[in-house]
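Structural overview for review
Given next are the chains, with one letter for each unit.
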Amino acid sequence: MSTEPGRVPNVLSVAGSDPSGGAGIQADLKTFGALGAHGCAVLTALTAQSTQGVTGVHAVPPRFIREQVETLVADVTLAAVKVGMLGSADVVRAVHELAQEGLLPNLVLDPVMVSTAGSRLLDEDAVEELRALASHADLITPNLPEAAVLLGRDPQDMAEGPAQMMDEARALLDLGCPRVLLKGGHASGEHVLDLLVDTLGAHELGGPRVATPHTHGTGCSLSSAITALRPRRDSWLEAVTDARSWLVGALEHGHELSVGQGPGPVHH
Ligand code: PLP
């Protein structure tokens, strides 16, 4: 499904706004641009946010999320779509319906739940709807605490080690999604292990942990990097591998930014 050589793919982020520019739709658009895609954006929520945390969330009405998508896809051919922060059960349902209608091709679902600083970005009663949406995604990209919530386990009991992570990733396939990227960055240790698992097998993608406090927006940036690259790669594995390499560079350059007093963003 590679995009024709020489053509810039149109990719869409359906996500929330982070005014600090580190996460959310702002990070997604920067990532799309950095990786040679044309970025479109449908907003699901506004947040009032700095590097020190989120002070408020203002939801976009579900019917207006639908209108944004319908108006866009009537005109623009999308090569891939990333879904990030959704906020409420009603919004998850609206996005699920759009996916069922085939309007969100090559769908990467980042099951955003809680910010690094601890603010809720998804209502607790929306988890069941998020599981249902996962069945319509082509790839889901949970971190370990999000994987635990999706599996109905205690997020404090995170998987540690390849064997436990493999069990968890395989259990996530039962949600009905054909492939899962289980991100191990929240586990302890100097080595970070992510697993890309599909019904045929598993790939271990690992490397040394980048020692930096500038990790704001890491998850958003990785899922949008995969979305930007998928149209120009021959497989999900290639897109994920190249997105991870790009993210390592963005983490290594985060220290060049001076954004706020809290943990700064990765440098896109
Ligand atoms: N704000 C928005 C709008 C997001 O979508 C996200 C994560 O997906 C965050 C904040 C949290 O980012 P982090 O956990 O990297 O601080």
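- Named according to an unreviewed UniProt entry, the protein chain is Bifunctional hydroxymethylpyrimidine kinase/phosphomethylpyrimidine kinase originating from Ornithinimicrobium pratense.
- Per UniProt, the comment on the protein chain under Pathway (unreviewed entry) is "Cofactor biosynthesis; thiamine diphosphate biosynthesis; 4-amino-2-methyl-5-diphosphomethylpyrimidine from 5-amino-1-(5-phospho-D-ribosyl)imidazole: step 3/3."
- Recorded under Function (unreviewed entry), the UniProt text for the protein chain is reproduced unchanged: "Catalyzes the phosphorylation of hydroxymethylpyrimidine phosphate (HMP-P) to HMP-PP, and of HMP to HMP-P."

1. Remarks on the packing of helix 7 (residues 218-229) against helix 8 (residues 236-252)
- Axis separation between helix 7 and helix 8 bottoms out at 8 Å; the angle between their running directions is 140°. As summarised for this structure, helix 7 and helix 8 are arranged oblique, according to the angle between their axes. Pair helix 7 / helix 8 crosses with right-handed handedness. For the pair formed by helix 7 and helix 8, the contact residues are Thr-218, Ser-221, Leu-222, Ala-225, Ile-226 and Leu-229 on the first element and Ala-239, Val-240, Asp-242, Ala-243, Trp-246, Leu-247, Ala-250 and Leu-251 on the second.
- Looking at the contact of helix 7 with helix 8 residue by residue, the classes come out as 11 nonpolar, 2 polar and 1 charged.

2. Description of the confidence of the model for the protein chain
- Mean pLDDT over the protein chain works out to 94, with 99% of the residues at or above the 70 mark.
- Here the complex is predicted with pTM 0.96, and the ipTM for its interfaces comes to 0.92.

3. What to know about the site of the ligand
- Neighbouring the ligand are 20 residues; Gly-16, Ala-23, Gly-24, Met-85 and Thr-116 lie closest to it.
- Counting residues per element, the ones that place at least two in the shell around the ligand are strand 1 (10-17), strand 2 (38-50) and helix 7.
- Here the residues of the shell around the ligand are counted per class, giving 7 nonpolar, 12 polar and 1 charged.

4. Re the pairing of strand 3 (residues 53-59)
- Judged from the 6 bridges that link them, strand 2 and strand 3 form a sheet pairing that is antiparallel. The residue of strand 3 that forms the bridge with Ala-45 is Ala-59.
- Hairpin geometry of strand 2 and strand 3 is characterised by an intervening segment of 2 residues between the two adjacent antiparallel strands.

5. What to know about unusual backbone geometry
- Even without being a glycine, Asn-106 presents a positive backbone phi close to 45°.
- Within the secondary structure layout, Asn-106 lies in the loop between helix 3 (89-100) and strand 5 (107-109).

6. Quick word on the environment of Glu-97
- Summarising the element assignment, Glu-97 is placed in helix 3.
- According to the C-beta neighbour criterion, Glu-97 is partly exposed, with 14 such atoms within 10 Å.
- The spacing of Glu-97 and Arg-66 is 31 residues in sequence and 9.1 Å in space, taken between C-alpha atoms.

7. A look at helix 3
- Helix length check: helix 3, at 12 residues, gives a terminal C-alpha distance of 16 Å against a target of 16 Å (1.5 Å per residue), a fit within 8%.
- Backbone geometry just downstream of helix 3 places Gly-102 in the positive-phi region, at approximately 80°.

8. Considerations on the UniProt feature "domain: Pyridoxamine kinase/Phosphomethylpyrimidine kinase" (unreviewed entry) in the protein chain
- Within this numbering scheme, the UniProt entry marks residues 18-267 as carrying the feature "domain: Pyridoxamine kinase/Phosphomethylpyrimidine kinase" (unreviewed entry).
- Helix makes up 36% of residues 18-267 and strand 20%, with an end-to-end C-alpha separation of 15 Å.

9. Some words on the pairing of strand 7 (residues 179-183)
- Counting buried positions along strand 7 gives 5 out of 5 residues, so the element sits mostly inside the fold.
- Along strand 7, one buried face is formed by Arg-179, Leu-181 and Lys-183 and the opposite face, lined by Val-180 and Leu-182, is buried too.
- Summarising the sheet, strand 7 and strand 8 (residues 191-198) pair through 5 bridges and their orientation is antiparallel. Residue pairing for strand 8: Val-180 is matched across the bridge by Val-197.

10. Side note on helix 7
- For helix 7, which comprises 12 residues, the first-to-last C-alpha distance of 16 Å matches the rise-based estimate of 16 Å (1.5 Å per residue) to within 8%.
- Most of helix 7 sits out of view: 12 of its 12 residues are buried.
- Three or more residues of helix 7 are buried, namely Thr-218, Gly-219, Cys-220, Ser-221, Leu-222, Ser-223, Ser-224, Ala-225, Ile-226, Thr-227, Ala-228 and Leu-229.
- Buried residues along helix 7 sit in contact with strand 1, helix 1 (24-34), strand 4 (80-83), strand 5, strand 6 (139-140) and helix 8.

Conventions adopted
- Residues numbered from 1 in each chain as written.
- Predicted model: local features only at pLDDT ≥ 70, side-chain atom pairs only at ≥ 80, totals over all residues.
- UniProt positions renumbered as here; feature names shortened; annotations may be inferred.
- Axes fitted to C-alpha atoms, helices over the stretch in contact; angles between N-to-C directions.
- Helix = DSSP H or I, 4+ residues; strand = E, 2+ residues; numbered from the N terminus.
- Parallel < 35°, antiparallel > 145°, perpendicular 65-115°, else oblique.
- Left-handed = near helix turned anticlockwise from the far one by under 90°.
- Contact = placed C-beta atoms within 7 Å.
- Nonpolar A, V, L, I, M, F, W, Y, C, P; charged D, E, K, R; others polar.
- pLDDT = per-residue confidence, 0-100.
- Near = placed C-beta within 6 Å.
- Pairing = 2+ DSSP bridges.
- Buried ≥ 20, exposed ≤ 12 C-beta atoms within 10 Å, placed from the backbone.
- Expected span 1.5 Å × (residues − 1).

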